[in-house]
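An overview of the molecular structure
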Amino acid sequence: MLYMEISSWEPQNRDKILEHFKEIKVPAGIKIVNQWVDLTGSRYFILYECEDAEAFAAFNLPWSDVCYIESVPVMESTKFMSLMSKK
């Protein structure tokens, strides 16, 4: 399943976020598709595939002390429209 995550943080946590990025390790079960940084500063977007709840937790838990994470399961719009047209 594809997930789009938006991570945001308070400006005072910027240095902690930078340290986390230096040490980031992607666990087995996570395949990163792409990542983007908000040029205004305090947000990060990542699109990744994950089929395993343990990998999902291992990927997100280390960040829970420094940022807010909004995870949204997503699907390409053409696939979604195809799925909906079958109903």
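An account of the accompanying structure is given in this report.

Scoring rules and cut-offs
Residues numbered from 1 in each chain as written. Predicted model: local features only at pLDDT ≥ 70, side-chain atom pairs only at ≥ 80, totals over all residues. Heavy atoms only, no water. Helix = DSSP H or I, 4+ residues; strand = E, 2+ residues; numbered from the N terminus. Buried < 20%, exposed > 50% of the residue type's maximum accessible area, 1.4 Å probe, protein only. Pairing = 2+ DSSP bridges. Axes fitted to C-alpha atoms, helices over the stretch in contact; angles between N-to-C directions. Contact = heavy atoms within 4.5 Å.

Remarks on the overall build of the protein chain
What the protein chain contains, in helices and strands, is three helices and four strands. Beginning at the N terminus, the succession of helices and strands in the protein chain can be written as β-α-β-β-α-β-α. Projecting the C-alpha coordinates of the protein chain onto the three principal axes gives extents of approximately 50 × 30 × 15 Å. Among the 87 residues that make up the protein chain, the fraction classed as buried is 23%.

Here's the deal with the sheet that holds strand β4 (residues 68-74)
What the four strands build is an open sheet, ordered β2-β3-β1-β4; its pairing is antiparallel. Single-partner strands in this sheet number two, and they are β2 (30-37) and β4. Each strand axis lies, on average, 20° off the axis of its neighbour in the sheet, ignoring direction. Strand direction decides the pairing type here: strand β1 (residues 2-8) and β4, joined by seven bridges, are antiparallel. When the sheet's bridge partners are listed, Y3 is paired in β4 with P73. Together, β1, β2, β3 (43-50) and β4 form the strand contacts of helix α2 (residues 53-60), whose direction differs from that of β3 by roughly 160°.

Re the pairing of β3
Bridge count between β1 and β3: seven bridges; the pairing is antiparallel. What sits directly across from S7, in β3, is Y44. In this structure, β2 lies alongside β3, joined through seven bridges in antiparallel fashion. Opposite I30, over in β3, you have C50 as the bridge partner. Where β2 hands over to β3, the hairpin turn is made up of five residues, of which G41 adopts a positive phi near 105°.

Function-wise, these values are silent; they only describe arrangement.
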